[in-house]
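Coordinate analysis (summary)
Chain by chain, the residues:
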Number of protein chains: 2
Amino acid sequence: MVLYVVGLGLGDEQDITLRGLNAVKKCKRVFLENYTSVLGIDHNKLGEFYGREVILADRDCVETGADQILDGAKDEDVAFLVVGDPLCATTHTDLIIRARELDIPVQVIHNASVMGAAASCGLQLYSFGQTVSIPFFTEEWRPDSFYEKILYNKKGGMHTLALLDIKVKEPDFDAMARGRIVYLPPRFMTVNQAVEQLIEIEEKRQEGAYSKDTLCVGMARLGQSDQKIVAGTMEELRHVDFGAPLHCLVIAGDVHLMEEEMLKQFRVSEQ
Amino acid sequence: MVLYVVGLGLGDEQDITLRGLNAVKKCKRVFLENYTSVLGIDHNKLGEFYGREVILADRDCVETGADQILDGAKDEDVAFLVVGDPLCATTHTDLIIRARELDIPVQVIHNASVMGAAASCGLQLYSFGQTVSIPFFTEEWRPDSFYEKILYNKKGGMHTLALLDIKVKEPDFDAMARGRIVYLPPRFMTVNQAVEQLIEIEEKRQEGAYSKDTLCVGMARLGQSDQKIVAGTMEELRHVDFGAPLHCLVIAGDVHLMEEEMLKQFRVSEQ
């Protein structure tokens, strides 16, 4: 039978395509990947909408226990749902490769992803360079390997899309030390946190990839009815409340006239 | 009322989202932009599916005669359909700005675009640099401004997505000289033509942005049921028949292990 890898788009149950919905309705078992992104709707509501139980698939389930998903896919169709587009993140490549190794036909059903919807900020998608991911800093671990990528994009006049960290199902080590398996509540990096971290790195590196005065666009809940887009300097965005997750950030490179025109409506001063 | 700018995705009538279809069904007037991309289905069939007449909107209509589209949008909902995602190309920015100037609320409904679906080639979307457009060469006009962009991407290890030219409703100047208004049949650049032009430019510039031996991936009809993806050197792709439009081309930068693994299935030698 078939493993359908179905993009759900960015908003809620209404953002699936007709092709995607038809595929889901063929499947008895329906998994939802829930550790790289989130929809603006609860998975139970999604299940009600499909008339199917929607099983949450965390990182363990997808990366080390793919058998749970692929088991039985030889006998009946299985749907693996992904927020956004299934191929825009690399996370699902493994699952697809394993399915092929097991001779299970894979059908990918595309949808909108943050990497396309980022064009909502008014900057031209053609002029984006490589994408970076910004992880949560900890006391000991403050990685900055993405800095060089932003710098290279900037020198070439390109914009940079920064995807912000998500922590889902993080173990609570304190509780575990006391012998209990407990997970911390999910955490989603805000635009404010991302900007704080970026400014800290620039202060350390001082190679001029950006500054507090660099034009950026913060975006929250892209593609959802209450999406919020605000353009301003890094320093300005530090103090803007973007509300509920997910957030992402664009660091502008060279900004052309038409882009200026589109950005106007999102300026901090216009809010 | 509302101007709905609705992405149709890449395949056929089944690739619209539920949200998009609901919007179309609210509208009496439905336009389809038909000069930057094409679906794998005729616009009349699309109209039958919606139960609406679908009016083709060419470049003149959208860029200089937007009034035809916006006329009446104050009194009733209007849908403007775009293959792929409405914001991934910059073509539709003007229409959105003009609608806002006229105080017509605009709602954008996202969908999959070639800029996301290009990840189907097995190269990671994160590692793509700026996108280039390759225009048809003529006897007198052989522009190569995109060469520097490919070069800059390459030096930074990034892949380049090249979108290939489309000529729809081109005037037939010979006929026009004889006083008749005649349009030439539509033309779509093939992967083969793109590669020919790229090799000609490298021979002229000789700055090493790529060579005949550079790994590329040619893609045709992305997101459609008969999509074709072939990976090989530029020289190899010169001779591969990709069939019907649309085609696009990825010029690979640094290729990582996981990307190699994904590319294997598409190699010329595997076809």
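Chain A is annotated in an unreviewed UniProt entry as diphthine methyl ester synthase of Pythium oligandrum. What the UniProt record of chain A gives under Pathway (unreviewed entry) is the line "Protein modification; peptidyl-diphthamide biosynthesis." Reading the Catalytic activity (unreviewed entry) entry of the UniProt record for chain A gives the comment "2-[(3S)-amino-3-carboxypropyl]-L-histidyl-[translation elongation factor 2] + 4 S-adenosyl-L-methionine = diphthine methyl ester-[translation elongation factor 2] + 4 S-adenosyl-L-homocysteine + 3 H(+)".

It is worth spelling out the interface of chain B and chain A at this point. Contact residues are listed per partner, giving 46 residues for chain B and 46 residues for chain A. Where chain B abuts chain A, roughly 4,000 Å² becomes buried across the two surfaces, and 63% of that area is made up of carbon and sulfur atoms. When residues of chain B are sorted by the area they lose upon contact with chain A, Leu18, Tyr126 and Tyr152 of chain B head the list and together hold 19% of the total. One can count four salt bridges joining chain B with chain A. For Arg19 of chain B, the salt bridge identified is with Asp15 of chain A, shortest N-O distance 2.8 Å. At the boundary of chain B with chain A, the tally comes to 23 residue pairs in polar contact (both at pLDDT 80 or more). Counting residues per element, the ones that place at least two in the side of chain B that touches chain A are α1 (18-26), α5 (93-101), α6 (114-117), α7 (146-155) and α11 (257-264) of chain B. Considering only residue class, the side of chain B that touches chain A consists of 20 nonpolar, 18 polar and eight charged.

Time to look at the layout of surface pockets. Space inside the largest pocket adds up to approximately 1,100 Å³. Around the largest pocket, the lining is made up of 41 residues, and of these Tyr35, Thr36, Ser37 and Ile166 of chain A together with Tyr126 of chain B lie nearest the centre. Within the residue set of the lining of the largest pocket, elements represented by two or more residues are α3 (59-64), α6 (114-117), β6 (132-134), β7 (160-164), β8 (166-167) and β12 (247-251) of chain A. Per-element accounting of the lining of the largest pocket gives the leading share, three residues, to α3 of chain A.

Parameters and conventions
Residues numbered from 1 in each chain as written. Chains lettered and ligands numbered in written order. Predicted model: local features only at pLDDT ≥ 70, side-chain atom pairs only at ≥ 80, totals over all residues. Heavy atoms only, no water. UniProt positions renumbered as here; feature names shortened; annotations may be inferred. Contact = heavy atoms within 4.5 Å. Buried area = accessible area lost by both parts, 1.4 Å probe. Salt bridge = Lys/Arg side-chain N within 4 Å of Asp/Glu carboxyl O. Polar contact = N/O pair within 3.5 Å; in protein donor to acceptor, adjacent residues only side chain to side chain. Helix = DSSP H or I, 4+ residues; strand = E, 2+ residues; numbered from the N terminus. Nonpolar A, V, L, I, M, F, W, Y, C, P; charged D, E, K, R; others polar. 1 Å grid on protein atoms, 1.4 Å probe; cavity = no way out; pocket = protein on both sides within 12 Å on 5 of 7 lines; lining within 4 Å. Points joined across faces, edges and corners; volume = space filled by probe spheres on them.

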